[in-house]
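Letter by letter, the chains look like this.
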Amino acid sequence: MDGDVEVHLVKLDVPQITDQDKNGAVLVADEPTGKKMGWMKLRRGHQGMLPAHCAYQFRAAQPAALVMQTCMGDLSIQRWAEICQAS
Amino acid sequence: MNTPTPKATAIASAPHPVFGYRTYTLGKLEFARDEYFAHIRWTGGNGKQCSHTLDIGNFLRALMRDVAWGFFYGYVNFDDVFGTCNHYSSVDVYAGTYNGHYKESGVDLLLNLPTDEVRVCFTEMLEDWTVEGFDPFAAPQETGTPYGRKRGDNIKAMRWQRQLASRCVGLKGDLAMRADSNGYTVNRAFADVPQDAPELHPEPGFEAMHMYTEPKSVWVNVDAQIPPYHPR
């Protein structure tokens, strides 16, 4: 991580994903509706784990970087071949 | 009445009169060490007497990983000739099997042995061949030399038990976070990383969010231990 990142969490009233076998992050269709769970402020040396079936949002007042580990899903973009393999 | 399965025992020689180390036999393989090298001997498929020599430090480092992880890794290549492959009840122990020159010459050997038999032999060999002051799990700059004649042992490092979190380090009822007081000092690789905890702002009703039982519902310091935990 670099810089400060806030992670805000919302417990969705109605889970957007109904298929329990579906993996990976999905984009919340509209403004998330549900109870606010709170937020955590992360910086270098920190790790945040994201609750399942909740909405989360990253906010940073200044440019910041974080690495996110997730399963491949709707939002995944695979560019390994394009970046690292010339032919 | 069931007959109990005989416990595997290592086949070892008396200590070498000069070097002080025992020689071990595992199936058709023989393992010997001197001051600087491990020597593996076997009879090749063509009937020739074969041997392969490895630096003892490199040999012990690979051996430690086999023993400590119970052959968990699929393949452990000690080098480009010798290694093991786990089949989760048996272990392949091979010499030259995956080396083109050895295969071509017909001097390769592949043994498939019960895991217990290999584990007992490797464990005893590791404990006998590791001298005082050398820890084969440690980085070279963090430990002593593996070389020389038999002098003491390092059983404490050999039998060191790794701690495995049931869910996540730092959770209630689970392993504690690293701290000098519990013997898990901060790894030197993290010396320049702040060790403070993240700032949490839970809403009412979610005060214990870091202890949720739902998967992926916690946050922890990145210095949380991941196996193998290695107190230094």
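This text follows the structure it describes.
I will try to describe carefully the structure that is included in this document.

Each value, and the rule that gives it
- Residues numbered from 1 in each chain as written.
- Chains lettered and ligands numbered in written order.
- Predicted model: local features only at pLDDT ≥ 70, side-chain atom pairs only at ≥ 80, totals over all residues.
- Core = buried A, V, L, I, M, F, W, Y, C linked by C-beta atoms within 7 Å.
- Buried ≥ 20, exposed ≤ 12 C-beta atoms within 10 Å, placed from the backbone.
- Helix = DSSP H or I, 4+ residues; strand = E, 2+ residues; numbered from the N terminus.
- Pairing = 2+ DSSP bridges.
- Expected span 1.5 Å × (residues − 1).
- Contact = placed C-beta atoms within 7 Å.

By size, the foremost hydrophobic cluster in this structure holds 33 residues, and its most contacted members are B:Phe31, B:Leu63, B:Ala95 and B:Met125. Secondary-structure elements contributing two or more residues to this core are β2 (24-26), β3 (29-33), β4 (37-43), α1 (56-68), β8 (90-95) and α3 (115-129) of chain B. Looking at this core, the element that brings in the most residues is α1(B), giving seven residues. A:Leu9, A:Trp39, A:Met40 and A:Leu42 belong to the second-largest nonpolar core, a separate cluster that totals ten residues.

Residues and elements named next belong to chain B. The side-chain alternation of β4 yields one buried face, formed by Ala38, Ile40 and Trp42, and one unburied face, formed by Phe37, His39, Arg41 and Thr43. As defined by bridge partners, β3 adjoins β4 across four bridges and the pair is classed as antiparallel. Counted as the bridge partner of Glu30 is Arg41 from β4. Connecting β3 to the antiparallel partner β4 that follows it, the hairpin turn spans three residues. Pairing of β4 with strand β5 (residues 49-55), which is carried by seven bridges, proceeds in the antiparallel orientation. Each bridged residue has a counterpart across the sheet, and for His39 the counterpart in β5 is Thr53. Connecting β4 to the antiparallel partner β5 that follows it, the hairpin turn spans five residues, and Gly47 within it adopts a positive phi of roughly 85°.

Attention now goes to α1(B). Residue and element names in this part refer to chain B. Compared with the 18 Å implied by 1.5 Å per residue over 13 residues, the 18 Å span of α1 between its first and last C-alpha is a close match. Within the sequence span of α1, burial applies to Ile56, Phe59, Leu60, Ala62, Leu63, Asp66, Val67 and Ala68. Those residues of α1 hidden inside the fold are in contact with β3, β4, β5, β6 (75-77), β7 (82-86) and α3. Gly70 occupies a position one or two residues after α1 and carries a positive phi of about 55°.

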